[in-house]
Each structure stands twice: as structure tokens, then as C-alpha cells.
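# Close look at the chain arrangement
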Amino acid sequence: AVVLDIDGVVTRGATAVPGAAEALRRLRQQQIPFVFMTNGGGVTEKKKAEELCSLLGVDGIDADRMLLSHTPFRPLAERFREKR
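Residues numbered from 1 in each chain as written. Predicted model: local features only at pLDDT ≥ 70, side-chain atom pairs only at ≥ 80, totals over all residues. Heavy atoms only, no water.

### Some thoughts on the overall build of the chain
We count it as follows: Counting from the N terminus, the helices are DSSP H or I runs at least four residues long and the strands are E runs at least two residues long. Between buried and exposed lies partly exposed: a residue is buried under 20% and exposed over 50% of the maximum accessible area for its type, with that area taken using a 1.4 Å probe on protein chains only. Here a residue-residue contact requires only that any non-hydrogen atoms of the pair lie within 4.5 Å. Note that accessible areas follow from Shrake-Rupley with a 1.4 Å probe, and for residues the cover is restricted to the protein chains shown.
Broken down by element type, the chain carries 3 helices and 5 strands. Order of helices (α) and strands (β) in the chain, N terminus to C terminus: β-β-β-α-β-α-β-α. The burial tally for the chain puts 27% of its 84 residues in the buried class. Taking the contacts inside the chain whose residues are at least 6 apart along the sequence as the reference set, 68% of them involve residues at least 24 apart. Accessible surface computed for the chain: about 5,800 Å², of which carbon and sulfur atoms make up 52%.

Quick look at the structure:
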């Protein structure tokens, strides 16, 4: 499996890094599992996946391939929501 950092590896700001889309296509062609990570947050995993699809000009990047800085804490937030 391959883990790709988003900012600086796949994108720089609102621009795709040259070769990133081709690398993603090759991973798919060779059926190599991959996910994206970033220490950024502020959007949902679904929104980040949609942004990546748009920037890279590809389809089919699912939200379940996104690991944002807040993703690991989501189950805890839901578990303790009523305990504030």
C-alpha cells in the first residue's frame, strides 16, 4: 500500500504537483492500494476527496481514502458528544 501526503506531494496549494495525476493512474492500473493523508483539516473527508478529484482531473477518489488530521478523533467526538 502507498500513503500519499496531500500538501507538497500531491498538491501545492490549489495546484496539482506535476506528475501526481499520472502517478495515481499508475497505482490504479497496477492495483496498488493507496490513501491520502494530511495534517490539514477544516473540511470533511468527502470534500477533500472532491477537491483532489478536481485538482488532479481524475474521478473516483473516495472519502474513505482520506485521512485528515481530525479523522482519527471522529469516533471519540461522537462517543463523547453528550458528555460536554
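### Describing the sheet that holds strand β1 (residues 2–5)
How we decide: In short, DSSP must find at least two bridges between two strands for them to pair.
What the 3 strands build is an open sheet, ordered β1-β4-β5; its pairing is parallel. If you trace the sheet from one side to the other, it starts and ends with β1 and β5 (66–67), each paired once. As paired elements, β1 and strand β4 (residues 34–37) share 4 bridges and run parallel to each other. Pairing of leucine 4 across the sheet is with phenylalanine 36, part of β4.

### Here's the deal with the packing of aromatic side chains
Quick note on the threshold: Stacked, tilted and edge-to-face pairs are distinguished by plane angle, under 30 degrees for stacked and over 60 for edge-to-face with tilted covering the rest, among Phe, Tyr and Trp rings (Trp via its six-membered ring) whose centres lie within 6.5 Å. The criterion is that NZ of a Lys, or CZ of an Arg, lies within 6 Å of the ring centre and within 35 degrees of the ring normal, and then a charge sits over that ring.
Applying the stated criterion across every chain, the model contains 1 aromatic pair. In this arrangement the basic side chain of arginine 65 is found over the ring face of phenylalanine 34, its NZ or CZ atom lying 4.1 Å from the centre.

Bear in mind that shape data such as this cannot, by itself, settle questions of function.
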